[in-house]
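Observations on the three-dimensional arrangement
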Amino acid sequence: MVITKVVLHELKVPLKHPYILSREYGVMADTTPLVVEFHTDTGLVGYGECDPWPLFTGDSAASASVVILEHLAPAFIGKDPTNIHETHRLMNAIIRGNNIPKSAMDMAAYDLFGKSLGVPVHKLLGGKLRDEIPSFWSVGGSTPSETVAELKQAKERGFKGAMIKVGTADYRNDIARTLAAYDTFGDDFPLVADANQGWDVETAVSYARGVERCNLLYLEQPVQSWDVAGMARVRQAVSMPISADEGCSTLHDAVNLVRAEAADVFSIKVTKNGGILPAKQIVDFAAANGIKVFFNSMLEEGITQAASLSLAAGTANLMTTIGHSFFSPLRLDGDITDFEARVINGVAHISDAPGLGIQINEDNLKKYTVRTRIVE
């Protein structure tokens, strides 16, 4: 089996409601995924997705499209997509970095690999340890009363815990929001906080001490992604675990975080990490160093979510005290796959269908596509 054609769809998908994040990122009103199709001489088609976010990853939809169309896709024509290691060797020989566009190619290759054998991707990765994974909800910056109101709705919908987006210019309001949530739900609805690089060390420590009684499971990325020493300083100064997200994009990032004793938890996002294979390498490295992982999202459509769930299915060092981020398509105006139907009462169910186990909703794909281009 060889690839005969690569199709790239550039999407723009509105969110149902604006998403207020840290002062680093501002307010998100839409997301701009790229969807890759690998067409083969056997008639099978593999699907991949990447989720550029300029202030998070340094990639935009425009820049990631250029990398795929001008650098990666031409080199894939005539190649065997089922050799995943060769796929990554080829991409890395063509262009350095660029995890986001590479992740779409990785997912499409894994989808084809599974389909060609009639097995789910999680079986290619060694099998699954579970049939379902609870999902948490994430609430953006707002007032304490608005935070509590949204979390009440999330709990009623079956979600098992929540991430509160903090890292705003008013860290005292972030403290008040967190305290209000904990005082409303207590320990039966676990909470985490994500600052999305919004603070310096001193502000992060002030926030952490202000919410100490809330039993947060962890505080995520309180300082800039490059500031490994700052992460370590926060970790040493506070009682709660510290999670690395933006600062844990590559395996080398993970190594540096461990050396600096700067994180207790790694946030895994297959599109941020460059695809399923490099994400699995980070997961395995974390396990070898006693670090838990949780699966997060980048305002993703169902293809990336399915890829993430495929890896999470067999991850042994998975955090189990809170759900994971398998709700992303529910936040969007519409899912381009049937993935959202697998999230029932706040629980994501793992598919045993071949490949990534999703079906494309062609109507929604057409609805949100702003441009389609072909390389053959």
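A brief structural summary. Please read these numbers as outputs of a predicted model, since none were measured by experiment.

**With respect to the overall build of the protein chain**
Looking only at helices and strands, the protein chain features 14 helices and 16 strands. On C-alpha atoms alone, the protein chain measures out to a radius of gyration of 20 Å, which is about the 21 Å that the 2.2 N^0.38 rule sets for 376 residues. Dimensions along the principal axes, computed over C-alpha positions, put the protein chain at roughly 60 × 40 × 35 Å. Scored against the burial criterion, the 376 residues of the protein chain give a buried share of 59%. Long-range pairs, those at least 24 residues apart, make up 75% of the contacts in the protein chain with a sequence separation of at least 6.

**Some words on the environment of proline 14**
Locating proline 14 in the fold gives a position in strand β2 (residues 13-20). For proline 14, a relative accessible area of 35% corresponds to the partly exposed category. Along the sequence, proline 14 and tyrosine 368 sit 354 residues apart, while their C-alpha atoms lie 8.8 Å from each other. Every residue in contact with proline 14, bar those within four places of it in the chain, is listed here: Ala29, Asp30, Leu332, Asp333 and Tyr368.

**Quick word on the sheet that holds strand β7 (residues 137-139)**
Within the open sheet, the seven strands sit side by side as β7-β8-β9-β10-β11-β12-β13. Their pairing is parallel. The sheet terminates laterally at β7 and β13 (292-295), the two strands that pair on one side only. Summarising the sheet, strand β8 (residues 162-165) and strand β9 (residues 191-194) pair through four bridges and their orientation is parallel. Its bridge partner being in β9, methionine 163 is matched across the sheet by valine 192.

**Focus: the pattern of salt bridges**
By the definition in use, this model includes 16 salt bridges. Linking lysine 269 and aspartate 245 is a salt bridge whose minimum nitrogen-to-oxygen distance equals 2.8 Å. Linking lysine 269 in the loop between β12 (265-268) and α11 (276-288) with aspartate 245 in the loop between β11 (242-244) and α10 (251-259), this pair joins segments that are 24 residues apart in sequence. One exposure class covers both lysine 269 and aspartate 245, and it is buried. By sharing partners, the salt bridges in this structure join Glu10, Arg371 and Arg373 into a single network.

**Quick word on the packing of aromatic side chains**
Counted by the stated rule, this structure contains nine aromatic pairs. Measuring from ring centre to ring centre gives 5.0 Å for tryptophan 199 and tyrosine 207, while their planes differ by 40°; the resulting arrangement is tilted. One aromatic cluster is present, built from ring pairs that chain together Phe136, Trp137, Phe159, Tyr218, Phe294 and Phe327. In this structure, arginine 157 packs its charged tip against the face of tryptophan 137, placed 4.9 Å from the ring centre.

**Here's the deal with helix α7 (residues 171-185)**
Compared with an ideal rise of 1.5 Å per residue, which puts 15 residues at 21 Å, α7 spans 21 Å between its outermost C-alpha atoms and is within 8% of the ideal. Where α7 is buried, its residues touch β7, α6 (144-156), β8, β9 and α8 (201-210). Backbone geometry just after α7 places glycine 186 at a positive phi near 70°.

**Some words on the side chain of glutamate 49**
Residue position: glutamate 49 is located in strand β5 (residues 45-50). For glutamate 49, which is buried and forms no salt bridge, the nearest opposite charge comes from arginine 342, at a distance of 11 Å. Among the polar contacts made by the side chain of glutamate 49, one reaches the main-chain amide nitrogen of threonine 304 at a distance of 2.9 Å. Aside from chain neighbours lying at most four places away, what touches glutamate 49 is Pro33, Leu34, Val35, Ser103, Ala104, Met107, Thr271, Glu300, Glu301, Gly302, Ile303 and Thr304.

**Some remarks on the packing of helix α2 (residues 61-76) against helix α3 (residues 84-94)**
As a packed pair, α2 and α3 sit with axes 10 Å apart at the nearest point and diverge in direction by 140°. For the element pair α2 and α3, the recorded crossing hand is right-handed. Here His71, Leu72, Ala75 and Phe76 of α2 come into contact with α3, specifically with Thr87, Leu90, Met91 and Ile94. Its residues placed into classes, the contact of α2 with α3 shows six nonpolar, two polar and no charged.

**Thoughts on unusual backbone geometry**
Of note in this structure, asparagine 196 is not a glycine but carries a positive phi near 45°. With a phi angle near 55°, asparagine 215 is a residue other than glycine that sits in the positive phi range. Among the structural elements, asparagine 215 can be located in the loop between α8 and β10 (219-220).

**Overview of α3**
When α3 is considered as a whole, its buried residues turn out to be Ile84, Thr87, His88, Leu90 and Met91. Taken down its axis, α3 places every buried residue within 160° of arc, on the same side. For α3, exposure combined with an orientation more than 90 degrees from the buried face picks out His85 and Ala93. On its buried side, α3 packs onto α2, α4 (99-117) and α11.

What counts as what
- Residues numbered from 1 in each chain as written.
- Predicted model: local features only at pLDDT ≥ 70, side-chain atom pairs only at ≥ 80, totals over all residues.
- Heavy atoms only, no water.
- Helix = DSSP H or I, 4+ residues; strand = E, 2+ residues; numbered from the N terminus.
- Rg over C-alpha atoms; globule rule 2.2 N^0.38 Å.
- Buried < 20%, exposed > 50% of the residue type's maximum accessible area, 1.4 Å probe, protein only.
- Contact = heavy atoms within 4.5 Å.
- Pairing = 2+ DSSP bridges.
- Salt bridge = Lys/Arg side-chain N within 4 Å of Asp/Glu carboxyl O.
- Phe/Tyr/Trp six-rings, centres within 6.5 Å; stacked < 30°, edge-to-face > 60°.
- Lys NZ or Arg CZ within 6 Å of the ring centre and 35° of its normal.
- Expected span 1.5 Å × (residues − 1).
- Lys, Arg positive; Asp, Glu negative; His and termini not counted.
- Polar contact = N/O pair within 3.5 Å; in protein donor to acceptor, adjacent residues only side chain to side chain.
- Axes fitted to C-alpha atoms, helices over the stretch in contact; angles between N-to-C directions.
- Left-handed = near helix turned anticlockwise from the far one by under 90°.
- Nonpolar A, V, L, I, M, F, W, Y, C, P; charged D, E, K, R; others polar.
- Arc of directions from axis to C-beta.

By themselves, these figures tell us nothing about what the structure is for.
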